[in-house]
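What follows is each chain in one-letter form.
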Amino acid sequence: MFFKQLVAIALLTGTSLAQAFAPQAGTWVVSSELDGKPGRGLALDVQNDTFVMQMYAYESSGQPTFYLATGKISNDQVSAPLIRYTGGRYLGSGPLSGKEAGNAGTVSFRFTSGATGYITLPGESEKAISRFNFGYPFAASSLVGIWSLTSLGSEGLVADAVQLKSNLGPTSNGNGLVVSSDGLFGCEHQTSGGLSGTVLCIKINAQGQLLRSYVFAYSVNEGEGYSQRSGTGTQQLLSIRRLTNPQGVGTGLVYKSEEQQPVVEHPALRFHMGEIATSSSLN
């Protein structure tokens, strides 16, 4: 449903979804094989339109092995030869160069978001894959940190940056409202209602007036969704990124933490959070 919502926004704004759905770089898994035990996995990266996948897997004998596939990604899809390698450096060895040890066949991908998609491996049916999120639970604590939020649509390019610091407790539709030091910007994982499973953020002014709302789904440090001025304007396609983790460590940018200041909740923030959460839906 969330994907359909994004498609509708893109059609209204004339914005392409190609960049929004570029797969996130990092560790991916075959979703049905994620059982907490050792298995096979994927390391994906996309730079410009060049797609690279490294796969660790096993031979029929049980011996571990790895494969490499490279190709050009277009329209969120890519197919490439799955090449096996052998003979490279081992722990404690001197200089050794690996060499190709056969082509296992063609591997194909189609991505449905920046963190979800499907893979078809040689000799196997298509299977769902997803970005492996092992560090951030669906909890208020994972929202602490600095975030950038950039939206594009009929209003043009709109950008916000916020440092979320304190959990002020749950609203009626979420599991913990995390707010900025001035209490005028807050975000919360939605656990019920039409926005369940997403993050809802609210920005207000000092008088308590709603300035902008944000709804997005994210994995690890990146996500997609939509933003809306005053809760009633045209929805804009939204891209978000985590700039620091809850410990204040940068996720790619150099950042120096500052002294913590007490946070005072603005009552209007919680009011607007409840209003939008109960009146909105992703259907």
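Our subject is the structure that appears above.
Let me sum up the structure you'll find in this document. Just so it is clear, the structure is predicted and the values come from calculations on it, not from any experiment. (Residues numbered from 1 in each chain as written. Predicted model: local features only at pLDDT ≥ 70, side-chain atom pairs only at ≥ 80, totals over all residues. Heavy atoms only, no water.)

**Observations concerning the nonpolar core**
Okay, so step 1: In this structure, Leu42, Met53 and Phe109 are the most contacted members of the largest nonpolar core, which totals 20 residues.
Okay, so step 2: The set of elements that each furnish at least two residues to this core consists of strand 1 (26-30), strand 2 (41-47), strand 3 (50-58), strand 4 (64-72), strand 5 (77-86) and strand 6 (99-111).
Okay, so step 3: Here this core gets four residues from one element, more than from any other, and that element is strand 3.
Okay, so step 4: Every residue in contact with Met53, bar those within four places of it in the chain, is listed here: Leu42, Ala43, Leu44, Tyr67, Leu68, Ala69, Leu82, Phe109 and Ile119. (Core = buried A, V, L, I, M, F, W, Y, C linked by side-chain atoms within 4.5 Å. Buried < 20%, exposed > 50% of the residue type's maximum accessible area, 1.4 Å probe, protein only. Helix = DSSP H or I, 4+ residues; strand = E, 2+ residues; numbered from the N terminus. Contact = heavy atoms within 4.5 Å.)

**Thoughts on the sheet that holds strand 6**
Okay, so step 1: If you trace the eight strands once around the closed barrel, you get 1-2-3-4-5-6-7-8, paired in antiparallel fashion. On average, each strand axis in the sheet is inclined to that of its neighbour by 30°, with strand direction left out of account.
Okay, so step 2: Pairing of strand 2 with strand 3, which is carried by seven bridges, proceeds in the antiparallel orientation. Across the sheet, Asp45 pairs through a bridge with Val52, a residue of strand 3. (Pairing = 2+ DSSP bridges. Axes fitted to C-alpha atoms, helices over the stretch in contact; angles between N-to-C directions.)

**Considering the packing of aromatic side chains**
Okay, so step 1: Applying the stated criterion across every chain yields a total of 10 aromatic pairs.
Okay, so step 2: An angle of 80° between the planes, with centres 5.4 Å apart, marks the rings of Trp147 and Tyr218 as edge-to-face. With Trp147 in strand 9 (residues 145-153) and Tyr218 in strand 15 (residues 210-219), this pair connects stretches of sequence that are 71 residues apart.
Okay, so step 3: Ring pairing ties together the aromatic residues Trp28, Phe51, Phe109 and Phe111, which thus form one cluster.
Okay, so step 4: The ring of Tyr118 carries Arg110 above its face, with NZ or CZ at 4.2 Å from the centroid.
Okay, so step 5: The aromatic ring of Tyr136 is capped on one face by Arg242, whose charged end is 3.6 Å from the ring centroid. (Phe/Tyr/Trp six-rings, centres within 6.5 Å; stacked < 30°, edge-to-face > 60°. Lys NZ or Arg CZ within 6 Å of the ring centre and 35° of its normal.)

Function cannot be inferred from these measures alone, as they are strictly geometric.
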